[in-house]
Each structure stands twice: as structure tokens, then as C-alpha cells.
Amino acid sequence: MIEQRLNTLRNLLAVALVLILALGAVILYQAQQINRNHDAIQEMRSEARTAVGQFMPDLEKRLSTFETSMGEMQTAMEGMDEKIKQAEDRMVRRLEREMPRILDAYLEKKMEEMRQEATRRPGR
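Before going into details, it helps to say that this report is about the structure given with it. Keep in mind it's a predicted model, so treat the numbers as computed, not measured.

Quick notes on the rules
- Sequence order as written defines the numbering, with residues in each chain counted from 1.
- Where totals are concerned, whole chains, interfaces and linings use all residues; where local detail is concerned, this predicted model gives features only for residues with pLDDT of at least 70, and gives and counts side-chain atom pairs only at 80 or more.
- The side-chain values count all of the structure's non-hydrogen atoms but skip hydrogen atoms and water molecules.
- Here a strand is any run of E in DSSP of at least two residues, a helix any run of H or I of at least four, and the numbering for each starts at the N terminus.
- Whether a residue is buried, partly exposed or exposed follows from its accessible area with a 1.4 Å probe, protein chains only, as a fraction of its type maximum: under 20%, in between, or over 50%, in that order.
- Every accessible area reported is derived by Shrake-Rupley at a probe size of 1.4 Å, with residue values counting cover from the shown protein chains alone.
- When charges are tallied, Lys and Arg are placed among the positive residues and Asp and Glu among the negative ones, while His and the ends of the chain are skipped.
- All charge positions are set by atom: Lys at NZ, Arg at CZ, Asp at CG, Glu at CD.
- Exposure above 30% relative accessible area and no salt bridge define the residues that can form patches, which grow by joining like charges within 9 Å and nonpolar side chains of Val, Leu, Ile, Met, Phe, Trp and Tyr within 5 Å.
- Here, a salt bridge means any Lys or Arg side-chain nitrogen found within 4 Å of an Asp or Glu carboxyl oxygen.

1. A word on the overall build of the protein
If you tally the helices and strands in the protein, you get one helix and zero strands. Overall, the C-alpha framework of the protein stretches about 145 × 55 × 15 Å when taken along its three principal axes. Across the 124 residues of the protein, 0% fall into the buried class. With an accessible surface of roughly 12,100 Å², the protein has 62% of that area assigned to carbon and sulfur atoms. Averaging the coordinates of the 20 positive side-chain charges in the protein and doing the same for the 20 negative ones gives two points 7 Å apart.

2. Observations regarding a positive patch on the surface
Together, R90, R93, R97 and R101 give the surface a local cluster of positive charge. By the element assignment, R101 lies in helix α1 (residues 2–120).

3. A short note on the pattern of salt bridges
Between side chains of opposite charge, a pair can form as their charged atoms come close. Taken as a whole and judged by the stated rule, the model has five salt bridges. Among the ionic pairs, E98 bridges to R94, the shortest N-O distance being 3.4 Å. One end of the pair, E98, and the other, R94, are both in helix α1, four residues apart, so they sit about a helical turn from each other. With its nearest N and O atoms 3.3 Å apart, the salt bridge here joins R115 to E112. A residue pair is termed a helical-turn pair when its members lie 3 or 4 positions apart in one helix, as R115 and E112 do in helix α1 at three residues.

4. Quick look at the environment of L6
Relative to the elements of secondary structure, L6 occurs in helix α1. By relative accessible area, which is 42% here, L6 ends up partly exposed. With 102 residues separating them in the primary sequence, L6 and E108 have C-alpha atoms 131 Å apart.

5. Focus on the environment of R121
Topologically, R121 is positioned in the segment after α1. With a relative accessible area of 45%, R121 lands in the partly exposed category. Taking the C-alpha atoms as reference points, R121 and H38, 83 residues apart in sequence, are found 104 Å from one another.

Structure (C-alpha cells):
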């Protein structure tokens with residue numbers, strides 16, 4: 001009976017030892033995978049820094065061009081304010097000059113229409 005229990009314990013110990021070795025192998029494999037991933041990430045970071053460094057002069061050039069064009073646009077807009085004011089003033093002067101003529105012509109037309117209507121309806 002004791003021998004049977006010892007054999008069972010030996011078998012359990014062997015199974016446990018095999019499981020421990022298998023788990024140890026799995027842990028070593030995962031550690032290698034983690035190291036590979038870490039190295040790949042480091043390499044990707046290095047490539048990203050290099051890529052940003054390569055494109056930075058082009059980006060700065062484009063930004064400088066954009067800033068220049070925005071400055072030109074601002075200058076043009078500042079000149080537009082004066083042009084708009086001049087156009088408004090010219091329109092007001094023209095309205096002041098031509099509005100009386102337009103109103104006179106309109107009133108004359110309405111007066112003529114009223115005269116014609118009055119001659120058509122003599123009794124009313």
C-alpha cells in the first residue's frame with residue numbers, strides 16, 4: 001500500500017516535472033518573442049524619427065510658403081477695405097445724383113397713367 005502511494009507520488013512528481021519543464025520552455029519562448037517585438041518597436045521608432053527628420057525641411061518650406069501667401073492675402077485684404085469704401089462712396093454720390101431723375105420719371109409716368117384713366121372714365 002505504501003509502495004503504491006509512493007509510485008503514485010513518483011508519477012505525479014514526474015508529471016509535475018514535465019509540466020514545469022514545458023511551462024519553462026513556453027516562458028522562454030514568450031520572452032524571446034517579447035524581445036523580438038521590443039527590437040521591432042525600437043527599429044520602427046528609429047525609422048519614424050528618420051522619416052520625420054527627412055520630411056521636416058520640406059514641411060518647413062511649405063509652411064514658409066503658406067505664411068508668405070497669407071501675408072500677401074492680408075495685405076490684399078487691407079487694400080480691399082479702402083477700395084470697398086471708395087465704391088460705396090461712388091455709389092452714394094451716383095444715387096444722390098440720379099435718384100431725383102428716376103423719381104421724377106416714375107412720378108411723371110404715374111401722372112400720365114392717372115390722366116389717361118381719368119379721360120377713359122369721365123363720369124366718376
